[in-house]
Amino acid sequence: MSASLSNGAAMAKIVGVTLSERVVAGLVVDHKLPEGLSSFPEEAGDEYALVEMPAEGIVEVLCQQVLAAAGAVRDLAAVGVGVPGLVRNGVIEEAPNLPQMKGARLTEMLAAQLRSNGINAPVSIVNDADAFAAGIAALHGKLDTVIRVWTLGVGIGYGRYPLTAGVWEGGHTVVTLDDKENYCGCGGRGHLEGIMGHRSMRLRFLDMEPEEVFEAAKTGDTRCLDFKKLWHKALAAATATSIHLRGPGKFFLAGFNVRFVDMPMLKDYLQQMVKMSPLQSYSIEIVQDDQETRVIGTAVSAEQEVCG
Ligand SMILES: [Zn+2]
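A brief structural summary. (Residues numbered from 1 in each chain as written. Predicted model: local features only at pLDDT ≥ 70, side-chain atom pairs only at ≥ 80, totals over all residues. Heavy atoms only, no water.)

### Section: the coordination of the zinc ion
And then number 1: Distances from the zinc ion to its protein donors, namely His172 (ND1), Cys184 (SG), Cys186 (SG) and His191 (ND1), fall within the range 1.9 to 2.3 Å.
And then number 2: One way to put it: the 4 donor atoms around the zinc ion meet at angles of 100 to 117°, and that makes the site tetrahedral.
And then number 3: Positions of the donor residues of the zinc ion along the chain correspond to the pattern H-x11-C-x1-C-x4-H. Here the residue His172 occupies a position in the loop between β9 (156-161) and α6 (192-196), and Cys184 occupies one in the loop between β9 and α6, the gap between them amounting to 12 residues.
And then number 4: A relative accessible area of 5% means that Cys184 is categorised as buried. (Donors = N, O, S within 2.8 Å, 3.2 Å for Na, K, Ca; no water. Tetrahedral: all angles 85-135°; square planar, octahedral: opposite > 155°, others 65-115°. Helix = DSSP H or I, 4+ residues; strand = E, 2+ residues; numbered from the N terminus. Buried < 20%, exposed > 50% of the residue type's maximum accessible area, 1.4 Å probe, protein only.)

### Some remarks on helix α8 (residues 210-218)
And then number 1: All buried positions along α8 are accounted for by Pro210, Val213, Phe214, Ala216 and Ala217. When α8 is viewed along its axis, its buried side chains cluster within an angular range of 160° and face the same direction.
And then number 2: Elements that come into contact with the buried residues of α8 comprise α7 (198-204) and α9 (222-246).
And then number 3: Positioned one or two residues after α8, Gly220 has a phi angle of 90°, which is positive. (Arc of directions from axis to C-beta. Contact = heavy atoms within 4.5 Å.)

### A look at the side chain of Arg160
And then number 1: Inspection of the secondary structure assignment puts Arg160 in strand β9.
And then number 2: Using a relative accessible area of 7% as the deciding quantity, one classes Arg160 as buried.
And then number 3: Reaching out from Arg160, the side chain makes a polar contact with the side chain of Asp130 at a distance of 2.5 Å. (Polar contact = N/O pair within 3.5 Å; in protein donor to acceptor, adjacent residues only side chain to side chain.)

### Remarks on the layout of surface pockets
And then number 1: As a volume, the second largest pocket reaches approximately 260 Å³.
And then number 2: Arg148, Tyr158, Trp168, Ser242 and Arg246 are, among the 18 residues lining the second largest pocket, the residues nearest its centre.
And then number 3: Sorting the residues of the lining of the second largest pocket by element identifies β8 (147-152), β9 and α9 as the ones contributing at least two each.
And then number 4: Top contributing element to the lining of the second largest pocket by residue count: α9, with 5 residues.
And then number 5: A breakdown of the residues in the lining of the second largest pocket according to their chemical character gives 9 nonpolar, 5 polar and 4 charged. (1 Å grid on protein atoms, 1.4 Å probe; cavity = no way out; pocket = protein on both sides within 12 Å on 5 of 7 lines; lining within 4 Å. Points joined across faces, edges and corners; volume = space filled by probe spheres on them. Nonpolar A, V, L, I, M, F, W, Y, C, P; charged D, E, K, R; others polar.)

Here you go:
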């Protein structure tokens, strides 16, 4: 797969687009963004503009942003779109944060819209966490290795590279058999996100913000320290499960809550959970989560799907 990337397809022009609270797009050439990024809405603080839009409106916004990113370029090799949720065969099967997109045949809809605007390029959609993993692989020059990334935010994202068919809802990995652990956004019991997700932490500690919990853990507050340990054990458990299923390799951590990560504590728990020596060649690293990496990642994913 990496061979085709470094040869003929390397200079292909691809527009990468990410859809979350905003639509961000960029023209990607040779895994770089020569023209920078464009976005909708442009103003910060207008994040609900997309949430209230019907699916057709969102497709229209995606199309406009692709056109803006493409500029005068008309011979795009592909358009890659990263979306939050479960994506299969060009269809968004589940999109918890943009429910109007559930069931949308996004590949078809966007390709048709682009055609009527003079761009005849294949459209490829990918889960945004997987796109992020692909972006990390491209920017760290590791397109031939397996990369997994946990994003610690409102929910817990799990992305992996290279793209593989299947469902990879790693954020919902079961990490405890405790009946009382039911804070996950999906409603499932014992899930990683139910412990680590920002939303879940707020539900658990109704009287304290997550920042205050981790601060109090430092000064020895028992309840908060116990939770800090649970939080790290949960991440270690989900990572250990991934290692036991897919083998060791590089894990990255990103998202606004990496600020709570106590790396020695995490590594200590992980060491206790992964004991087979052939599986111990793993590493964990914190990486910056930015729009550039994500947009480049959608383009890399599209390139591999369409040109690879
Ligand atoms: Zn869940």
